[in-house]
Structures are given as C-alpha cells and as structure tokens.
Amino acid sequence: MPELRSPLHDRHVELGAKLADFGGWQMPIEYASSGGGVLKEHLAVRDAAGVFDVSHLGKVTVRGPGAAAFVNTCLSNDLGRIVAGRAQYTLACDDAGGVVDDLIAYLVGDDEVFLVPNAANTAEVIALLAAAAPAGVDVVAQHRDFGVLAVQGPRSAEVLAALELPHELDYMSWADGTFGAGTVRVCRTGYTGEHGYELLPAWDDTAAVWDALQAPVAAAGGRPAGLGARDTLRTEMGYPLHGQDLSRSITPVQAGSGWAVGWSKEAFWGRAALQAEKAAGPARRLRGIESLDRGIPRAHMPVLDASGVAVGEVTSGTFSPSRRVGIGLALVDSDAGVADGDELALDVRGRRSAVRVTKPPFVPSHVR
C-alpha cells in the first residue's frame, strides 16, 4: 500500500471510498456513499457540482531575484504572456522534446512563481529546476504544506460564494482568500471542462475546508467525486494525462499541445528538438476516437486502418457517461493520412471494434 496519504484520508474512509495508488499517494477512486459510483459522480459535475481531493498534486515555490525569468527559460510556455495573478498551463520537457511533466504555473510576481506538478513527477521537476537555478533563486518543495481541492461544475461559483471565497475570477486567474484564520489560494481552473476552481488551503486546514464545502455542494445538487470521475471527465474534454497521452516518448507536438509552447522564446528545455519536430512534422499525432459499436477504447489497443494494418495505438480510453459511448485518444501515424470523420478499427484481443476519428472535446466545454 502507498505510504503517502492526503490530509483527508480519514474523510475518504468514512465515506466508503475505494482507494488506490496515484503517484505513490493513497487516493479515492469513487465513493460508496455516492450511490452510483463514477457514473453518478461524473454526471453531478456536469450538471451541478463536485468536490475532489487532489492533494496528491505537487506544490513548489521558486523564489528569488528574477525567479519568473528563470522559470521562463526552463518551462515551455511563455510566462511573458501573463501577469501576476494569472496562471498558465505549461510543460517541463527533456532535451529530446519529451514531456517530463505538465503542470500549472501561478505567477506571483517577478521574483516568485508557484508550481503545481503531477504527484509522481514532483521530485524530478524540483531536481531539474534546482540544478538549473542561478545563485539567489531557491526552489522550495512544499508538497505537504498545502492541500488541493477542486470544486467543479456549473454551480461551483455558488459553492465558493457560500464560503465567501473568491469566485468572480477570469479563467486561469487566481486570488488569495481567507477561511477562518487561514489563507486559501483559489484559481479558476480545473481538469473537467466545466466552470470550476482549484483551492489550495494550508495542509492542516484542508479538512476544515472540505467539511465546509459539503453542505453547499449538496445544496447545489452535487457530491464528493473521486479520481475515477476526474479521469472520465478529462477524457470527454480530450485533456491529456501525463504518462499516457504525454510522456518522455510523446512530445507536445505529437500530442497537439504546441499551444502550450512559447515558440518564439529564446530558451526553454527541449527547444531545439521541438523546433525541429515542428518544422519536419511529427511522425504521429494524437487523435480523438469514438466507438461506432459497443466497444470501449482502452490504453494500448492497436488502431487498424481499413485493410487491417496497425496505424497507431490507444493512449487513453473510457466509457463516456455523458455520451453513453466509448471514447478515447490514440496516437496515429501521420503517414496513414487519417482525417476527422474517417472510420478505423481497434484490435480488441483479435476482434475488430469500429471507431470514428473525432476532434475533441467529445462534449461541449464550459471553462471560459
């Protein structure tokens, strides 16, 4: 069993959560108390509101003279595009252009950036930044200094309003609010495609914030949601998951994440390799697929063309609770000439399952 536990571990046990290992952390997949598991939790987020514990995510502060400029020479996106009080999706790449991690950068000011990497990659991101940091710039690990709660759904704003937390925020902007005697950092972002927020209270205050959220979430018709619903929600949006749709062997150019690269910047990790791949065109591209039969795409299933030749592989797949159909993401060879609307097939243990190439999202996005 993983040794690392969220500050809400006891709450999850009380709710009858099914727990599993996520990046070395014991986290909830779904709750028995939801009376419907992942399906009900997913639909609650789409229709009303859900609250997730994602405290396993990393937390890192980079501070010191010129900290933001330093971070901008490392991570892919261009911090010069935003101002203090805004956040940005970005990537830490290796020299070959592979993705070490995807993360959110909160710009505090010229001399401070707060980063939220994935749990499994936090230590490596910290080590890479620390090794590159100039004198006077500190890279501070804060993994257990803060919890992270995601409140997502069309009624999420009224949930935060009930706690008198900042909620009238533009997409990808953040503000610090107060809860009791503590501070809660609130960012208008999320991983579901719905209007939502991510809250970062102090680690020791996380349980109190979680408890306070339960009544307004329930009043809005919502419920606690586990990481199983988080995965089905993000797949419906076509959002990549690191380790499946982005990795050291899947570059942002291949994954269609080039929008998160500051191509005109003079320096960032992996720049030369990514510039070359962009100019030449990637050998494979991440495409959305939806089932035309009762099949459900699953990771590593071969993707076949009309003649039965393998032209790719599924990276993520699930049953869409909103669409009631199988959906997924797949890396498909560029020279296969595949276009949106084309029909392909999956090899399901020797049986062909028909799919159509579809540009995500698979359901409308409401993040802006």
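Refer to the structure presented above.
Residues numbered from 1 in each chain as written. Predicted model: local features only at pLDDT ≥ 70, side-chain atom pairs only at ≥ 80, totals over all residues. Heavy atoms only, no water.

1. Things to note about the overall build of the protein
Applicable threshold: Here a helix means four or more residues in a row that DSSP labels H or I, a strand means two or more in a row labelled E, and each is numbered from the N terminus. Between buried and exposed lies partly exposed: a residue is buried under 20% and exposed over 50% of the maximum accessible area for its type, with that area taken using a 1.4 Å probe on protein chains only. Pairs of residues are marked as contacts when any of their non-hydrogen atoms sit within 4.5 Å. Where accessible areas are quoted, they stem from the Shrake-Rupley method and a 1.4 Å probe; at the residue level, only the protein chains shown are allowed to cover. For the purpose of charge, His is not counted, nor are the chain termini; Lys and Arg are scored as positive and Asp and Glu as negative. Every charge is mapped onto a representative atom, which is NZ of Lys, CZ of Arg, CG of Asp or CD of Glu.
A count of helices and strands for the protein gives eight helices and 20 strands. With the C-alpha coordinates of the protein rotated into their principal frame, the extents come out at 65 × 50 × 40 Å. Out of the 368 residues in the protein, the part that is buried amounts to 57%. Residue pairs at least 24 apart in sequence account for 66% of intrachain contacts in the protein once pairs closer than 6 positions are excluded. Looking at the protein as shown, the accessible area adds up to about 14900 Å², and 51% of this sits on carbon and sulfur atoms. Computing the positive centroid from 33 side-chain charges and the negative centroid from 44, the protein places the two 6 Å apart.

2. Observations regarding the sheet that holds strand β4 (residues 50–53)
Rule in force here: One requirement defines pairing of two strands: DSSP has to find at least two bridges between them. Only the stretch in contact is used when fitting a helix axis, every axis being a line fitted to C-alpha atoms; angles between N-to-C directions are given from 0 to 180 degrees.
On the basis of which strands lie adjacent, the open sheet formed by six strands has the order β11-β12-β13-β10-β4-β14 and mixed pairing. Unpaired on one side and paired on the other, β11 (174–179) and β14 (223–224) mark the two borders of the sheet. Of the pairings in the sheet, the one linking strand β10 (residues 149–152) to strand β13 (residues 196–201) comprises four bridges and is antiparallel in character. Each residue of the ladder has a partner; that of Val-151, found in β13, is Tyr-197. Against the sheet, helix α6 (residues 206–219) engages β4, β10, β11, β12 (182–187), β13 and β14, with an angle of about 165° to β4.

3. Some points on the layout of surface pockets
Where we set the bar: Lining residues are defined by having an atom within 4 Å of a point belonging to a cavity or pocket. Those points lie on a 1 Å grid over the protein atoms alone, cavities being sets where a 1.4 Å probe fits but cannot get out and pockets being open sets with protein on both sides within 12 Å along at least five of seven lines. Grid points are joined across faces, edges and corners, and a volume is the space filled by probe spheres set on the points. Amino acids are sorted into nonpolar (Ala, Val, Leu, Ile, Met, Phe, Trp, Tyr, Cys and Pro), charged (Asp, Glu, Lys and Arg) and polar (every other residue, Gly among them).
Counted as a void, the largest pocket has a volume near 1300 Å³. Lining the largest pocket are 44 residues, with Tyr-89, Tyr-171, Tyr-239, Pro-240 and Trp-259 positioned closest to its centre. Those elements giving two or more residues to the lining of the largest pocket turn out to be β6 (87–93), β7 (99–109), α7 (227–237) and β15 (284–291). Tallied by class, the residues present in the lining of the largest pocket amount to 23 nonpolar, 12 polar and nine charged. Put simply, the second largest pocket is a space of about 400 Å³. In terms of lining residues, the second largest pocket is bounded by 18 residues, among which Phe-22, His-56, Asn-118, Arg-230 and Leu-241 are the most central. Ranked by residues supplied to the lining of the second largest pocket, first place goes to α7 with five residues.

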